[in-house]
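Read off the chains here:
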Amino acid sequence: MENSLKTTWIQSEEKLGQYRIALLNWFDEQRRDLPWRQDPSLYKTVVSEFMLQQTRVSTVIPYFTNWLNKFPDFYSLSQADEKDVLKAWEGLGYYSRARNLHQLSKTAANWKHPPVSVKEWQTLPGVGPYIAAAVTSISLDQPEAVCDGNVVRVLSRLFAISEIFKDGATAQKKLRPLAQKLINSGRPGDYNQAVMELGATVCHRSSPLCSTCPILSYCESGRQGDWADRPQIARKAKKTASIRRYWVESQNSLLVHASKKNRLQGIHELPDKLPYSGNLTDLNSQVLAIRKRTIGRVEYTEEIHQPPQIPLLLDPLPQGYTWMKWSELKNFTLSGPHRKWIEELRD
DNA sequence: AAAACGGGGCA
DNA sequence: TGCCCAGTTTT
């Protein structure tokens with residue numbers, strides 16, 4: 001990979017050192033005052049990295065603050081009920097992250113000393129190459145380079161990489177060795193955060209602020225002004241799907257369902273099947289509303305049906321179904337969109 | 001290797 | 001509306 005680069009400064013140990021200093025000096029001046037950077041700890045780093053997967057900093061901040069109040073350390077998290085853990089994650093999405101973090105805390109609560117190698121970290125639930133490198137570099141001072149979406153963007157421009165990557169994950173995997181060559185082993189955590197911070201605040205996807213960039217003189221794309229073409233990541237076709245949901249109200253309650261099997265387990269939504277022994281078409285239900293939401297590249301159209309009369313449901317209700325009293329709406333853990341729709345459709 | 005997994009912010 | 005965000009797990 002490096003052989004095809006037009007820039008050669010990376011091969012000079014002296015230039016490399018100057019590049020690292022320029023970036024770290026900038027970071028020392030410009031770093032954002034984020035909650036997980038105040039009185040930092042391993043726990044805060046782990047929680048923030050779990051929350052930050054595919055999720056913007058501005059979205060994470062209020063969740064992180066609330067989380068630290070509820071679960072201040074690994075031990076308190078390990079002792080919490082999964083229900084409360086999921087409730088604190090409600091609306092953030094990717095709920096398996098919360099379950100994995102909860103599981104991880106049960107191991108971490110017993111650590112005399114945390115593991116130091118990325119290999120050991122990657123055996124923990126929900127920890128992949130990115131989190132392993134982030135945690136061990138930031139909190140344990142290990143020289144492990146992270147390669148996330150920000151790093152891919154910065155490096156693609158720095159070295160004018162014009163390869164078309166199949167997807168973001170492929171780009172991250174391919175560019176990680178390059179990121180590893182650049183890391184400052186004296187301050188690995190700060191170096192990693194500096195590149196990501198640069199990607200987030202200066203090297204924007206569109207309209208990057210090259211004139212204020214601390215490493216502009218090292219950047220092939222910045223000097224040529226052709227940043228717009230990089231990185232080149234092929235985009236996948238989007239798909240559509242439709243789901244029928246049911247709105248059944250009875251005795252000041254709404255029928256909701258939380259799957260035990262799929263990755264939405266523990267998260268309630270309007271049921272997509274009625275616990276009903278009869279033929280559903282007999283219900284001749286009315287369409288109460290139609291809503292859309294996107295999950296990944298799939299746009300779901302959810303048709304919310306309301307039977308004209310309360311159907312005779314199975315008794316007892318099958319696993320996963322619950323009557324949610326309206327008075328308990330706030331206490332239930334619902335997916336973000338379903339909470340919104342339920343509140344909209346309630347009257 | 002490709003798909004699934006949430007939700008939201010911003011051009 | 002389309003892109004993509006401090007990615008990981010499952011198929």
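Residues numbered from 1 in each chain as written. Chains lettered and ligands numbered in written order. Predicted model: local features only at pLDDT ≥ 70, side-chain atom pairs only at ≥ 80, totals over all residues. Heavy atoms only, no water.

Topic: the sheet that holds strand β3 (residues 239-246)
Sheet strands line up and pair through hydrogen bonds in the backbone, either parallel or antiparallel. Keep this limit in mind: When DSSP finds two or more bridges between two strands, those strands count as paired. Working definition: helices are DSSP H or I runs of at least four residues, strands are E runs of at least two. Numbering for both runs from the N terminus. The axes used here are C-alpha line fits, helices contributing only the stretch in contact, and every angle between their N-to-C directions lies in the interval 0 to 180 degrees. In what follows, residue pairs with any heavy atoms lying within 4.5 Å of each other are defined as contacts.
If you walk across this open sheet you meet the three strands as β3-β8-β7, and the pairing is mixed. Since the sheet does not close on itself, it has two edges, and those belong to β3 and β7 (286-295), each with one partner. Across the sheet, the mean angle separating the axes of adjacent strands is 20° when strand polarity is ignored. Against the sheet, helix α13 (residues 336-345) makes contact with β3, β7 and β8 (298-306), and its axis sits at roughly 155° relative to β7, the strand it touches most.

Thoughts on helix α8 (residues 129-140)
This is how the line gets drawn: Helix span, expected: 1.5 Å multiplied by one less than the number of residues in the helix. Between buried and exposed lies partly exposed: a residue is buried under 20% and exposed over 50% of the maximum accessible area for its type, with that area taken using a 1.4 Å probe on protein chains only.
With 12 residues, α8 should reach 16 Å at 1.5 Å per residue; the first-to-last C-alpha distance of 15 Å fits that figure. Looking only at α8, the buried set comprises I131, A132, A133, A134, V135, T136, S137 and L140. The inward-facing, buried residues of α8 abut α2 (42-52), α7 (118-121), α10 (168-182) and α11 (188-201). Directly beyond the C-terminal end of α8, a positive phi value near 65° is found at D141.

Notes on the pairing of β8
Note: β3 against β8, eight bridges, orientation parallel. Paired with R244 across the two strands is E303, which belongs to β8. Sheet topology places β7 next to β8; nine bridges connect them, and they run antiparallel. Bridge assignment links R291 to a residue of β8, and that residue is E302. Connecting the antiparallel pair β7 and β8 is a turn made up of two residues, with G296 showing a positive phi of about 65°.

Here's the deal with the side chain of E220
Definition in use: N or O atoms closer than or at 3.5 Å make up a polar contact, with two conditions inside protein: a donor-capable atom paired with an acceptor-capable one, and, for residues adjacent in sequence, both atoms drawn from side chains.
One can find E220 in helix α12 (residues 220-224). Under the relative-accessibility criterion, E220 is labelled buried at 10%. At 3.4 Å, the side chain of E220 forms a polar contact with the side chain of R223.

A word on the layout of surface pockets
Here is the rule: Using a grid of 1 Å spacing that covers the protein atoms alone, one calls a set of points a cavity when a 1.4 Å probe fits there but cannot get out, and a pocket when the set is open and has protein on both sides within 12 Å along at least five of seven lines; lining residues are those with an atom within 4 Å of a point. Grid points are joined across faces, edges and corners, and a volume is the space filled by probe spheres set on the points. Just so you know the grouping, Ala, Val, Leu, Ile, Met, Phe, Trp, Tyr, Cys and Pro go in nonpolar, Asp, Glu, Lys and Arg go in charged, and all remaining residues, Gly too, go in polar. Domain borders in the structure are assigned automatically or taken from a domain database.
As a volume, the second largest pocket reaches approximately 350 Å³. Lining the second largest pocket we find 16 residues, and of these K83, A258, K260, G266 and H268 sit closest to its centre. For the lining of the second largest pocket, the secondary-structure elements that each account for two or more residues are α5 (82-89) and β9 (321-325). With three residues, the single largest contributor to the lining of the second largest pocket is α5. A breakdown of the residues in the lining of the second largest pocket according to their chemical character gives four nonpolar, nine polar and three charged. Residue-level mapping places the lining of the second largest pocket at the junction of two domains, with at least three residues from each of domain 1 (2-151 + 184-203) and domain 2 (239-345).

Let's talk about the domain arrangement of chain A
The condition that has to hold: Defined here as a combined quantity, buried area equals the accessible surface (1.4 Å probe) lost by two parts on assembly, summed across both.
Assigned domains of chain A: these are domain 1 (2-151 + 184-203) and domain 2 (239-345). Each of domain 1 and domain 2 has a C-alpha centre, and these two points are 36 Å apart. Residue-level contacts link six residues of domain 1 with 13 residues of domain 2. Both faces combined, the contact of domain 1 with domain 2 buries some 730 Å², and carbon together with sulfur accounts for 51% of it.

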